[in-house]
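Residue-level structural notes
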Amino acid sequence: LMLDMAGTEGRNPADDYRHLLRELELYDPALLDKPRVVVANKMDEEAAAGLLRKFRRLNRVDVLPISCLTEEGIPQLLEELYRRVRGKNTKD
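The text that follows walks through the structure, step by step, so that each part is easy to find.

What counts as what
Residues numbered from 1 in each chain as written. Predicted model: local features only at pLDDT ≥ 70, side-chain atom pairs only at ≥ 80, totals over all residues. Heavy atoms only, no water. Buried < 20%, exposed > 50% of the residue type's maximum accessible area, 1.4 Å probe, protein only. Helix = DSSP H or I, 4+ residues; strand = E, 2+ residues; numbered from the N terminus. Arc of directions from axis to C-beta. Contact = heavy atoms within 4.5 Å. Patch = residues over 30% accessible without salt bridge, like charges linked within 9 Å, V, L, I, M, F, W, Y side chains within 5 Å. Areas by Shrake-Rupley, 256 points an atom, 1.4 Å probe, with all protein chains shown as cover. Salt bridge = Lys/Arg side-chain N within 4 Å of Asp/Glu carboxyl O. Lys, Arg positive; Asp, Glu negative; His and termini not counted. Charge placed at Lys NZ, Arg CZ, Asp CG, Glu CD. Core = buried A, V, L, I, M, F, W, Y, C linked by side-chain atoms within 4.5 Å. Phe/Tyr/Trp six-rings, centres within 6.5 Å; stacked < 30°, edge-to-face > 60°. Pairing = 2+ DSSP bridges. Right-handed = clockwise from strand over helix to strand, strands pointing away.

Here we take up helix α2 (residues 48-58). All buried positions along α2 are accounted for by Ala48, Leu52 and Phe55. Seen from one end, α2 has its buried residues packed into an arc of 65°, which puts them on one side. Those residues of α2 that are exposed and angled more than 90 degrees off the buried face are Arg53, Arg57 and Leu58. Contacts from the buried residues of α2 go to β1 (2-4), α1 (13-27), β2 (37-41) and β3 (62-65).

Here it is, written out as structure tokens:
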């Protein structure tokens, strides 16, 4: 799940996360049992670091911070997704 971690447009990333989980549950409750990772986008924005700390305190889920604008974190995201698709949850 990709979230705007900077909270642009006055949105709270934690609220967005809860809404996405609710949508998944309404579609198929079994989706909530699947492994997930949150991609925290817009980490280049000033507000993102503080909102990310709050998000991590409230939610026990893997979070990968990235910036699509600066491409920071994109290589790590690709590696992690590749590992997960191949079934390797730990680094080799």
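Structure's up, so let's keep going.
The next point concerns the environment of Pro13. Counting through the fold element by element, Pro13 comes out in helix α1. For Pro13, a relative accessible area of 1% puts it in the buried group. Between the C-alpha atom of Pro13 and that of Leu52, which follows or precedes it by 39 residues, the distance is 8.4 Å. Leaving out residues up to four positions away in the same chain, Pro13 has contacts with Leu3, Asp4, Met5, Gly7, Leu51 and Phe55.

A surface patch of like charges, here negative, comprises Asp44, Glu45, Glu46 and Glu72. Here Glu72 lies in the loop between β3 and α3 (74-85).

One finds Leu3, Met5, Ala14, Tyr17, Leu21, Val38, Ala40, Leu52, Phe55, Val61 and Val63 forming the largest nonpolar core, which totals 11 residues. Contributing elements (two or more residues each) for this core: α1, β2 and α2. Among the elements that make up this core, the one with the highest residue count is α1 (3 residues).

Okay, the packing of aromatic side chains next. Following the criterion strictly, the structure yields 1 aromatic pair and no others. Aromatic side chains Tyr17 and Phe55 sit 5.2 Å apart centroid to centroid with 80° between the ring planes, which places their arrangement in the edge-to-face category. Placement of the pair is Tyr17 in helix α1 and Phe55 in helix α2, with a sequence separation of 38 residues. The exposure class of Tyr17 is buried, given its relative accessible area of 4%. On the accessibility criterion, Phe55 (1% relative accessible area) is buried.

With that out of the way, let us pick up the pairing of β3. By the bridge criterion, 4 bridges tie β2 to β3 in an arrangement that is parallel. In the strand pairing of β3, Val38 is matched with Val63. Taken together, β2, α2 and β3 constitute a β-α-β crossover, and its handedness is right-handed.

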